[in-house]
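Each chain, letter by letter, is given below.
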Amino acid sequence: GVRMLESRSGGRTFVEKTPQHVLRLPFLLRRFPRARFVHVVRDGRDCLVSARSHAGIPQASSARRFAGYWKRCVETPLREEPHPRLVRLRYEDFVRAAHTELERLMRFLELELEDRQLDPARFGGHKRAAREEFRLLREAVSDRRVGRWRTELSAAERRVFERVAGAPLKEYGYLDEDAD
């Protein structure tokens with residue numbers, strides 16, 4: 001959905017966060033020449049684990065189907081990189097070093113970094129935080145949801161996912177992390 005954010009300086013920034021719009025990134029880059037784009041990428045195997053808990057994501061019905069969908073979504077920005085109005089933010093990097101990654105992101109967006117941006121108390125009282133699917137708004141940023149695929153996907157599902165989406169997993173550094 002679309003949200004408008006107000007900064008302390010009184011400026012306004014429109015934020016549109018529909019993940020599927022990444023598939024239209026080339027069009028959006030051409031049609032909105034002053035817009036900046038943040039491509040948040042997450043290990044597709046963890047995306048599959050997460051998607052399974054949401055009834056509205058039909059692609060999560062199989063590892064093969066979801067891997068194909070994830071691959072399409074993450075290959076589109078790769079074709080546009082590097083681009084001066086596009087920045088990549090890996091979910092795993094953000095949750096492991098939130099302040100550093102937020103500083104980098106705010107510099108790219110040419111917005112002011114605010115002290116409370118990572119404070120769960122700021123958003124924990126929001127009405128959406130009371131709903132189960134938004135419970136993480138009540139918590140501090142953490143990496144506890146990284147790597148869940150290691151225990152929640154079967155070996156067969158992992159092999160299928162990596163066979164279908166291995167190239168972008170490697171490009172984004174996710175297959176290299178498996179050795180850790």
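Residues numbered from 1 in each chain as written. Predicted model: local features only at pLDDT ≥ 70, side-chain atom pairs only at ≥ 80, totals over all residues. Heavy atoms only, no water.

## With respect to the side chain of glutamine 59
Where we set the bar: We count a stretch as a helix when DSSP gives it H or I for four or more residues in a row; a strand needs E for two or more, and each element gets its number in order from the N terminus. We call a residue buried when its accessible area falls under 20% of the maximum for its residue type, exposed when it is over 50%, and partly exposed in between, using a 1.4 Å probe and counting protein chains only. Whether two residues are in contact is decided by their heavy atoms, any of which lying within 4.5 Å being enough.
Within the secondary structure layout, glutamine 59 lies in the loop between helix H2 (44–51) and helix H3 (63–80). Taking the relative accessible area as the measure of exposure, glutamine 59 reaches 18% and is therefore buried. Not counting chain neighbours up to four residues away, the residues in contact with glutamine 59 comprise Arg65, Phe66 and Tyr69.

## As for the packing of H2 against H3
Test applied: Angles run from 0 to 180 degrees between N-to-C directions of axes, and those axes are lines fitted to C-alpha atoms, restricted for helices to the stretch in contact. Put simply, angles under 35 degrees are roughly parallel, angles over 145 are roughly antiparallel, angles from 65 to 115 are roughly perpendicular, and the rest are oblique. Handedness of a crossing follows from how the near helix is turned relative to the far one, being left-handed for an anticlockwise turn of less than a right angle and right-handed for a clockwise one.
Two elements in contact, H2 and H3, have axes whose closest approach is 10 Å; the angle formed by their N-to-C orientations is 120 degrees. Between H2 and H3, the angle falls in the class oblique. Considering the relative orientation of H2 and H3, their crossing is right-handed. Residues Gly44, Cys47, Leu48 and Ala51 of H2 form the contact with H3, whose participating residues are Ala63, Phe66 and Trp70.

## Digging into the confidence of the model for the chain
Our working definition: Confidence of the predictor at the level of single residues is given by pLDDT, which spans 0 to 100.
Of the residues in the chain, 87% have a pLDDT of 70 or more, and the chain-wide mean is 88. When mean pLDDT is compared element by element in the chain, helix H8 (residues 155–171) scores highest at 98, while strand S1 (residues 2–6) scores lowest at 51.

## Focus on the environment of alanine 121
Relative to the elements of secondary structure, alanine 121 occurs in helix H6 (residues 120–124). Residue alanine 121 is classed as exposed on the basis of its relative accessible area of 58%. Considered as a pair, alanine 121 and glutamate 139 are 18 residues apart in the sequence and their alpha carbons are 8.2 Å apart.

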